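Structure assessment
The lines below spell out each chain.
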Amino acid sequence: MSGDKILNVDRLAMRFGGIVAVQDLSFSATRKQITALIGPNGAGKTTVFNCITGFYKPSGGAIRLTHDDGRTIALERLNDFRIAKQAKVARTFQNIRLFPGMTALENLMVAQHNALMRASGFTLLGLVGAPVYREAEKRAIDLATDWLKRVNLLDRADDAAGNFAYGDQRRLEIARAMCTEPALLCLDEPAAGLNARESAALSELLLSIRDELGTSILLIEHDMSVVMEISDHIVVMDHGVKIAEGTPREVRDDPKVIAAYLGADEEEAAAVMEGGS
Amino acid sequence: MKAKPGVPSILKTAFVNALIALVLFSLMVGIRTEAGASGQLTYWTRFGELASLVAAVFGGSIVIELLRQWIGPSGAEKLVPPAVKSGMSFIGRYVAPALLIFTLLVPVIFYNQRYILDLAILVLTYVMLGWGLNVVVGLAGLLDLGYVAFYAVGAYSYALLATNFGWSFWVCLPLAGILAAFWGVLLGFPVLRLRGDYLAIVTLAFGEIIRLVIINWQELTGGPNGVSGIPRPSFFGIPLDNSDDGLAAWLHIEYSTTHRIVFLFYLILALALLTNWATIRLRRLPIGRAWEALREDEVACRALGINTTTTKLTAFATGAMFGGFAGAFFATRQGFISPESFTFQESALVLAIVVLGGMGSQLGVALAALTMIGGFELFRSLETYRMLVFGMAMVLIMIWRPRGLIGHRAPTVYLTKAQAISSDLVKEGHG
Ligand SMILES: Nc1ncnc2c1ncn2[C@@H]1O[C@H](COP(=O)(O)OP(=O)(O)OP(=O)(O)O)[C@@H](O)[C@H]1O
Ligand SMILES: [Mg+2]
């Protein structure tokens, strides 16, 4: 079953002292597809992301990432920056984390740090201005430009990221994550705070990432119009456990899901039932 | 923009400050104790002085709060019309080259004024130290209160290698830098997982530890007596003295002690410019961008696969190396060093230069070093009041420009046009 699966989460558990944030959670994400992780506030979605991307060390369970070439990496044993560097998992944050005092272009250049570091001979070649490094830098700028174009921010390349409007910051953060050339892209509520037009543009962007680049996406999202429209597979969490999974249609009609959202917030429940239709 | 505080809030601040002053001064000033004739404790009260001090604090607080509203913090930056702004950027573009040309000509203009030459060398030493610390504090955002430790390591490295083995300055200079960088890494390893205030405290302690080791390791360092007879630098092997094979004899000119001063001046200028060149260059390389990204958001750096520990260590080591170079220069210039030259006060002074200059700005740091060291000399005639006037000047400058003289940041790469980034977007780092 793991052949076409990029990510396998097996009986993941995460406890903070007495609080059980995630319990016995198993799911998998299919390669080159969009897998959504949804659930009411406090369900433990961000905690799952933090376990996958190495910011938390899981209290139990296994997280396996299988690359295209069949190489499998145990993410729960890698820590910190190595998950992004070696396992090629990139992420964005629920509360945007750009480098506000750096320009959009610089943000995207920092994302290519590891590749550029190698090209600059760990600074020595770069310091003497070796042509090898200049070439690499030019390619990095090209990649960044390409992404600025994709997220429609090219004309603001030289502006400080901190000056950007909220929606632009969200898109820039996605572009920055993509500049690390990830195998798996994890997005924590990318549509939060966006208006309807921006949400639609976001859906389009994510679909193009999936279809044109073949990047697998794991998505946390409350905006059901986005989730229902673009997800290939949905995992629903509540109180740290998985309560349902399936295609958007299956999940939308699942009484357990409706009950979970009703318990949490009537508006959100209504949104789930209306979403995508 | 925040609303300006009204009269009640100003009075409240002043009142709180006065209360704190009352508590502090009532013991320090209000009651005076002395040992009496037969050893018993005698004391008397000085409520008059106490009252005037508290009143001064009260009045001073009001004045400072009012000044804060009138002259700063210069949100004016956003209000200046574009024409003035472009004029300022014009000045900005030409200030640095003009300053450099003037500096190059200083020994020519002031050839016979030994005092000015000495002062210029001192200023340049602090410019170099400021630029070195700027890598750590300004770029990487790591608050280092023990920078003087690396200055000391550099100075003692040269002094001991030169006096014990007779190695020349030009051999010892790189070694001093390498040793200081090595100590930087050694300190960095356990310390860099700490953040903010904790990092500041531990680096402060490290600075003191190095000084105490130097004082107590008598056999090696001569303890409090220091190391004397440190060789003067040679002009690439040709000594700068009165002998037959000295530089003066070589060039068939009359010997003068000024030759050596001028040589030292250009030596520290070259070292400082090397520091500047390397920093500007490093900023545009991936490592430098990672330093700044680290200052902006460490968590985001980790999510992008940047090894934050090694990145911090390289910043620490680079800063330490420049400190080591400056230390070697200090030793060869003085000919004598002792632990007294490497107290916390030096660290604080260099840090003040970096903060006053505007963290991260090379020109700002140079201007701040000139203001601080030059200004301090300027007030020499005021004698006892020198510190007071100097302190007040510093307070005024920090009210006027809380982000330093030059607060904006220049981008390291651009597509169409490099635009200065306003200082209120740039983070100061959190450790
Ligand atoms: N570092 C932490 N320490 C203690 N408790 C935590 C920590 N992180 C998360 N939690 C707890 O774990 C639970 C799940 O939080 P989490 O942030 O994962 O929810 P979420 O599904 O992302 O919610 P939201 O939709 O609001 O973002 C919450 O009860 C939270 O208080
Ligand atoms: Mg969350």
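Residues numbered from 1 in each chain as written. Chains lettered and ligands numbered in written order. Predicted model: local features only at pLDDT ≥ 70, side-chain atom pairs only at ≥ 80, totals over all residues. Heavy atoms only, no water.

**Thoughts on the coordination of the magnesium ion (ligand 2)**
Residue and element names in this part refer to chain A.
- Only Thr-46 (OG1) and Gln-94 (OE1) from the protein coordinate the magnesium ion (ligand 2), and they sit 1.9 to 2.2 Å from it. Here the residue Thr-46 occupies a position in helix α1 (residues 45–52), and Gln-94 occupies one in the loop between β6 (89–91) and α3 (104–111), the gap between them amounting to 48 residues.
- A relative accessible area of 35% means that Gln-94 is categorised as partly exposed. (Donors = N, O, S within 2.8 Å, 3.2 Å for Na, K, Ca; no water. Helix = DSSP H or I, 4+ residues; strand = E, 2+ residues; numbered from the N terminus. Buried < 20%, exposed > 50% of the residue type's maximum accessible area, 1.4 Å probe, protein only.)

**Remarks on the packing of helix α6 (residues 148–165) of chain B against helix α7 (residues 169–191) of chain B**
Residues and elements named next belong to chain B.
- At a closest axis distance of 8 Å, the pairing of α6 and α7 adopts a crossing angle of 140 degrees. On the basis of the axis angle, α6 is oblique to α7. For the crossing formed where α6 meets α7, the hand is right-handed. Touching Phe-150, Val-153, Gly-154, Ser-157, Tyr-158, Leu-161 and Ala-162 of α6 are Phe-169, Cys-172, Leu-175, Ala-176, Leu-179, Ala-180, Trp-183, Gly-184 and Leu-187, all from α7.
- Here the contact of α6 with α7 is composed, by residue class, of 13 nonpolar, 3 polar and no charged. (Axes fitted to C-alpha atoms, helices over the stretch in contact; angles between N-to-C directions. Parallel < 35°, antiparallel > 145°, perpendicular 65-115°, else oblique. Left-handed = near helix turned anticlockwise from the far one by under 90°. Contact = heavy atoms within 4.5 Å. Nonpolar A, V, L, I, M, F, W, Y, C, P; charged D, E, K, R; others polar.)

**Considering the sheet that holds β6 of chain A**
All names here are of chain A.
- The 6 strands are arranged β6-β7-β8-β3-β9-β10 in an open sheet whose pairing can be described as mixed. Each end of this open sheet is capped by a strand with a single partner; those strands are β6 and β10 (241–246). Adjacent strand axes in the sheet meet at a mean angle of 20 degrees, parallel and antiparallel pairs treated alike.
- One ladder, built from 5 bridges, connects strand β9 (residues 233–238) with β10; its direction is antiparallel. In the sheet register, Val-235 faces β10, and the bridge partner there is Glu-245.
- Along the sheet face, α1 touches β3 (34–38), β6, β7 (184–188), β8 (216–220) and β9 and points at about 145 degrees away from the line of β8. (Pairing = 2+ DSSP bridges.)

**Some points on the domain arrangement of chain A**
Residue and element names in this part refer to chain A.
- Partitioning chain A into domains gives domain 1 (5–98 + 182–249) and domain 2 (100–163).
- Of note, the centres of domain 1 and domain 2, computed from C-alpha atoms alone, are 27 Å apart.
- Each partner contributes to the interface: domain 1 provides 7 residues, whereas domain 2 provides 7 residues.
- The junction of domain 1 with domain 2 conceals about 580 Å² of combined surface from both sides, 63% of it contributed by carbon and sulfur atoms.
- The interface formed by domain 1 and domain 2 includes 1 residue pair in polar contact (both at pLDDT 80 or more).
- With 5 residues, helix α8 (residues 196–213) is the single largest residue contributor to the side of domain 1 that touches domain 2.
- A per-class count over the side of domain 1 that touches domain 2 returns 4 nonpolar, 1 polar and 2 charged. (Domains from an automatic or database assignment. Buried area = accessible area lost by both parts, 1.4 Å probe. Polar contact = N/O pair within 3.5 Å; in protein donor to acceptor, adjacent residues only side chain to side chain.)

**Some thoughts on the packing of aromatic side chains**
- Applying the stated criterion to the full structure yields 15 aromatic pairs over all chains.
- Between Phe-16 of chain A and Tyr-56 of chain A, the aromatic rings sit 5.2 Å apart at their centres with planes inclined by 75 degrees, giving edge-to-face as the arrangement. One end of the pair, Phe-16 of chain A, is in strand β1 (residues 5–16); the other, Tyr-56 of chain A, is in the loop between α1 and β4 (60–66), and 40 residues separate them in sequence.
- Given a relative accessible area of 32%, Phe-16 of chain A falls into the partly exposed group.
- Measuring from ring centre to ring centre gives 5.6 Å for Tyr-151 of chain B and Phe-342 of chain B, while their planes differ by 80 degrees; the resulting arrangement is edge-to-face. With a gap of 191 residues between them, Tyr-151 of chain B in helix α6 and Phe-342 of chain B in the loop between β4 (336–337) and α15 (344–357) connect regions that are remote in the sequence. In terms of burial, Tyr-151 of chain B and Phe-342 of chain B fall into one category: buried.
- One aromatic cluster is present, formed by Tyr-147, Phe-150, Phe-206 and Phe-316 of chain B through successive ring pairs. (Phe/Tyr/Trp six-rings, centres within 6.5 Å; stacked < 30°, edge-to-face > 60°.)

**Considering the site of ligand 1**
Residues and elements named next belong to chain A.
- Taken together, 13 residues lie around ligand 1, and Asn-41, Lys-45, Thr-46, Thr-47 and Gln-94 are the ones closest in.
- Residue Asn-41 places a side-chain N or O atom 2.8 Å away from an oxygen atom belonging to ligand 1.
- Within the contact set of ligand 1, a nitrogen atom lies 3.1 Å away from a side-chain nitrogen or oxygen of Tyr-56.
- If ligand 1 stood free it would expose 630 Å²; the protein chains cover 66% of that surface. (Near = heavy atom within 4 Å. Areas by Shrake-Rupley, 256 points an atom, 1.4 Å probe, with all protein chains shown as cover.)

**A short note on unusual backbone geometry**
- With a phi close to 50 degrees, Arg-11 of chain A is a non-glycine residue in the positive phi region.
- Of note, Arg-11 of chain A is situated in strand β1.

**Section: empty space enclosed by the protein**
- Under the criterion given, the structure shown has 2 cavities of 30 Å³ or more.
- Size it by volume and the largest cavity reaches roughly 90 Å³.
- Around the largest cavity, the lining residues are Gly-138, Arg-295, Gly-358, Met-359, Arg-403, Gly-407, Ser-423, Val-426, Lys-427 and Glu-428 of chain B.
- Here the residues of the lining of the largest cavity are counted per class, giving 2 nonpolar, 4 polar and 4 charged.
- The computed volume of the second largest cavity comes to approximately 40 Å³.
- Lining the second largest cavity are Thr-53, Phe-55, Asp-80, Ile-83, Ala-84, Val-89 and Arg-91 of chain A together with Arg-302 and Ala-303 of chain B.
- Those elements that provide at least two residues to the lining of the second largest cavity are α2 (81–85) and β6 of chain A together with α13 (298–303) of chain B. (1 Å grid on protein atoms, 1.4 Å probe; cavity = no way out; pocket = protein on both sides within 12 Å on 5 of 7 lines; lining within 4 Å. Points joined across faces, edges and corners; volume = space filled by probe spheres on them.)

**A look at the environment of Ala-160 of chain A**
- Among the secondary structure elements, Ala-160 of chain A is positioned in the loop between α6 (131–150) and α7 (166–178).
- Expressed as a C-alpha distance, the spacing of Ala-160 of chain A and Ala-260 of chain A, which sit 100 residues apart in the sequence, is 41 Å.

**A short note on the interface of chain B and chain A**
- Residue-level contacts link 36 residues of chain B with 43 residues of chain A.
- Interface of chain B and chain A: buried area, both sides summed, is about 3300 Å²; carbon and sulfur atoms make up 66% of it.
- Close ionic contact of Arg-289 of chain B with Glu-137 of chain A constitutes a salt bridge, the shortest N to O distance being 3.2 Å.
- On inspection of chain B and its partner chain A, the count reaches 9 residue pairs in polar contact (both at pLDDT 80 or more).
- Sorting the residues of the side of chain B that touches chain A by element identifies α11 (258–283), α12 (286–296) and α13 of chain B as the ones contributing at least two each. (Salt bridge = Lys/Arg side-chain N within 4 Å of Asp/Glu carboxyl O.)

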